[in-house]
Structures are given as C-alpha cells and as structure tokens.
Amino acid sequence: MDVIDVIRTKRDGRVLSDEQIRWFIDAYTHDRVAAEQASALLMAIVWRGMEPDELNVWTDAMLSSGERLDLSSVGRPTADKHSTGGVGDKVSLILAPLVAACGVADPMLSGRGLGHTGGTLDKLEAIPGWRAELARDEMLRILREVGCVICAAGGSLAPADKKLYALRDVTGTVESIPLIASSIMSKKIAEGTNALVLDVKVGSGAFLPNPDSARRLAETMVELGSAHGVKTTALLTEMDTPLGRAAGNALEVTESLECLKGGGPADVREVTLALAREMLSLAGVSVDPAAALDDGRALAKYEEMIRAQGGDPAAAMPEASDRRTVPSPETGYLQRLDARSVGIAAWRLGAGRARKEDPVDAAAGVVCLAKPGDEVHEGQPLLELHADEPGRFDRALAALEGAIAIAPEPPAAKPLVIERIAE
Ligand code: URA
C-alpha cells in the first residue's frame, strides 16, 4: 500500500477503499506513516468528508486498533452517556449512580477537560482520595459490585484515536464531523456498553455551537453506534447558558450532591432525568429515575462509588481563598448569561487547562448567582468568581465583558431538550 495513493484518493474527492482505511489506521498507529502524511490525509478528510460506509470502516478500524471490553460478567444491562461537553455540565456525576440505582450498570470511561469545558475526571478529582486510574480488573469489580464506575479510559481502548486526536489538535483538523464522530464513537463502542445516549450540546458554550452541525454530528454518531450493535440515541440539549449555577471542579461536585439529594438547580435535574430515561429505556428497564433521586437511592450509590475509588464522600471540598463578584449593571430581567464566556472565565481562574499536561485548581470557578429569566436589581451580584491566585481575576473578568444582557422583559422560555435523534 502506498500512503501517497491513499492521500491522493481523498484529496481528489474519491472514496477510500476498506483496505486503504484499515491499512492507514494500522500503519499510523504503529508509526509506519509519518505525521505529515497523516496530517495531509486528515486535512483532505476535513475538506472532502466521508461517505457513511467509508466512515463506518474508518471507525471500525480505530476501534480494532485496541481492545473492546467484555462486560458480560457484570450480569446486568449496561448503558452509558457521552456529552460533547458544556459549561457547568456535571450531569455524569449524578447520572451514573442514578441509573445504577435503577438497575442499569454504567461503565463510564471518561476524560479530562481541555479548554473552556471541564472534564468529569477533573471534577471528581476534587474529592480527597478519589482515584481516576483503575486497573481493568478493579474497574470491572466496582462495576459488578456497585453498578457504576467513572474512571480514566486507559491506553488500551482505541489507541489510534489517541494518536490521531493529538495530531488533529495541532493541525487544525479537529472540526470535521466524520473525524469527531469516529473519534468519540470508537472510544465509546470500545467500552463494551450495550446502550449509549449522546448528549450533543447546542449553543454558545458547545463544542459545535451551530444547531445544524450539532444535529449532523448526532445523526452520524447514532448511525455509527447502531452499525456496531450498540443501541444509540442522542438528545440535542441547550448550552447557551451554563447548566446549573456552578462551573468549576469542587463547585460542581457540591452542586451534583444537591441534585443527588433531590434538590439542586431545576435545569440540571431536568437534563439528568431526560438522559436517565433514555438510558433506562434503551436498556429495557421501566423504572422512574426521579424517585431514585428523591428517596436517596442515587445518593447512596454515589457514595458507594466514591468510596470504592478511594474517595471520602463526606470530606469537605476545597474552597478558594479569594472571591470577587460581578454586579448587575441595571435593573430588569437577566436575558442572557453567555455560557462560553463563563466557561472561559472559570478556565482563566484555574479550573481548566490549556495543555493536557497542565494541573487544574480544584477550588477555582464561577458561581452564577442569577440565571436568565431572573429579575435582578442594579448592583446585585450576578456572578461570584473563586480563585486561589488573585492575579487571575483580571483576565477572568475580561472574559465576562459582554456576557450579560439585562432587559425590561424576561426572555422567551427555551426548551432544554431541543430534539431527540434515533435511527
Ligand atoms: N472529543 C473527542 O473525543 N474527539 C473529537 O474529535 C472531538 C471531541
């Protein structure tokens, strides 16, 4: 096989053969194709796209570059959720124990955050003692015994994606629906779950802000999951404003606990329950998840999961040493509180990382003291910024310029769950 022929095929807008795809993914994963050649092919894919069958083979080749977990020993239906990432999106922390409390095991292999959206592992790592890195046997034991586990994916699942994603990150080739869909789905299918629900965010804080692109990504991922024997559906959900009130690692753990106790912000509860109902329905379990939130069963599962991974669910969460507030510029109704700006502010306060090697500050973040639709008064604090290094406040405040709009009337209500996508 000649790599230059493979590149030319895609450059000229033709469909790659199964043989070309499988050869390329294997050769690049094993360092037999140079990074500049792989970059050229990726850029050609960005421009030319991929046909559905071609993308299916590409995804399958990425999946076959590593192992696919066998969860048959878990002895229960399995279901997982993947979110394309949003500001204040702490749903995973509530959802995994919630569905486990309803009889469906959730093997949630997760990642760390990069950029303005936080990662689930970073959030849980704010809990003293909690471990994200688990050996395969330990992960399976916790899944069997507790019914849910949230841990790092490890290098053995879809290693081709690890190499390709790192290359895409530095060659301007992340923004391609086939490349994003195959990257996400190769990892999720490798997890071995029977069912998968995708939470595809739409709006300013989303990875793909445009609704049409988000819908095409959701449809493509649903097709890939189904073609690989994983029952897959997607919900498009609103991400113009942060989900809940907290954006930042420890702050989000605290808010998740409020939801697990049956309270917490209404939007977090609504999105979590919508995703839980999808997961339970795909797994063939007809149980009302709201009852498990309200009667403490989900909270008990959460505490069991945290303890099984070395954490102390009762430990005090880290708190930032310094705070600033952002006052309302006028009296009226909060019309807009821009998710991306809040995400960038939280990131600049220390909650997120710019490079994957960077540490994160568990205590840093932003608390939204008001949400769109609330009546506010001039001078009333709207946001509370938390940081351990006072030098970080100026850049965080700069990110929030233009993020807030006040008007005499409340904004029109928008649904949180915009659309459901199934095969
Ligand atoms: N997340 C992934 O895992 N892969 C992508 O390509 C984009 C976002």
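Here's what I pulled together on the structure shown here.

Definitions and cut-offs
Residues numbered from 1 in each chain as written. Predicted model: local features only at pLDDT ≥ 70, side-chain atom pairs only at ≥ 80, totals over all residues. Heavy atoms only, no water. Helix = DSSP H or I, 4+ residues; strand = E, 2+ residues; numbered from the N terminus. Buried < 20%, exposed > 50% of the residue type's maximum accessible area, 1.4 Å probe, protein only. Polar contact = N/O pair within 3.5 Å; in protein donor to acceptor, adjacent residues only side chain to side chain. Contact = heavy atoms within 4.5 Å. Salt bridge = Lys/Arg side-chain N within 4 Å of Asp/Glu carboxyl O. Phe/Tyr/Trp six-rings, centres within 6.5 Å; stacked < 30°, edge-to-face > 60°. Near = heavy atom within 4 Å. Areas by Shrake-Rupley, 256 points an atom, 1.4 Å probe, with all protein chains shown as cover. Pairing = 2+ DSSP bridges.

As a further point, take the side chain of Lys90. If you trace the backbone, Lys90 turns up in the loop between strand E1 (79-83) and helix H5 (91-101). Note on Lys90: relative accessible area 0%, which makes it buried. In this structure the side chain of Lys90 is engaged in a polar contact, spanning 2.8 Å, whose partner is the backbone oxygen of Leu243. Excluding anything up to four places from it in sequence, Lys90 contacts Lys123, Leu243, Gly244, Arg245, Ala246, Glu252, Glu255, Ser256 and Val268.

Attention now goes to the pattern of salt bridges. Using the criterion set out here, one finds 36 salt bridges in the structure. Here Lys123 makes a salt bridge to Glu252, at a shortest N to O gap of 2.8 Å. Note that Lys123 is positioned in helix H6 (residues 120-124) and Glu252 in helix H11 (residues 249-260), a separation of 129 residues in sequence. Accessibility expressed as a relative area gives 3% for Glu252, which makes it buried. With a shortest N-O distance of 3.3 Å, Glu304 and Lys301 are connected by a salt bridge. With Glu304 and Lys301 both in helix H14 (residues 297-308) and three residues apart, the pair spans about one turn of that helix. On the accessibility criterion, Lys301 (16% relative accessible area) is buried.

Right, let's talk about the packing of aromatic side chains for a bit. Scanning all chains against the criterion turns up two aromatic pairs. Residues Phe24 and Tyr28 carry aromatic rings whose centres are separated by 6.1 Å and whose planes lie at 5° to one another, so their mutual orientation is stacked. One end of the pair is Phe24 and the other is Tyr28, both in helix H2 (residues 18-29) and four residues apart, which spans about a single turn. Judged by its relative accessible area of 1%, Phe24 falls in the buried class. On the basis of relative accessibility, which here comes to 6%, the residue Tyr28 falls in the buried class. Among the aromatic residues, those joined into a cluster by ring pairs are Phe24, Tyr28 and Trp58.

Here we come to the site of the ligand. The ligand sits among Tyr165, Arg168, Ile180, Ser183, Ile184, Lys187 and Phe207. One of the side-chain nitrogen or oxygen atoms of Arg168 is found 2.9 Å away from an oxygen atom of the ligand. The side chain of Lys187 places a nitrogen or oxygen atom 2.5 Å from an oxygen atom of the ligand. Coverage of the ligand by the protein amounts to 84% of the 240 Å² it exposes when considered alone. Where the shell around the ligand is concerned, the elements lending two or more residues are helix H8 (159-169) and helix H9 (177-190).

With respect to the helices and strands, Asp161 occurs in helix H8. Setting aside chain neighbours within four positions, we find Asp161 in contact with Met62, Ser183, Ser186 and Lys187.

A large share of strand E11 (residues 381-387) lies buried, amounting to six of its seven residues. Summarising the sheet, strand E7 (residues 322-327) and E11 pair through six bridges and their orientation is antiparallel. Directly across from Pro327, in E11, lies its bridge partner Pro381. Where strand E9 (residues 365-368) lies against E11, four bridges are found, and the strand directions are antiparallel. Across the sheet, Gly365 pairs through a bridge with His386, a residue of E11.

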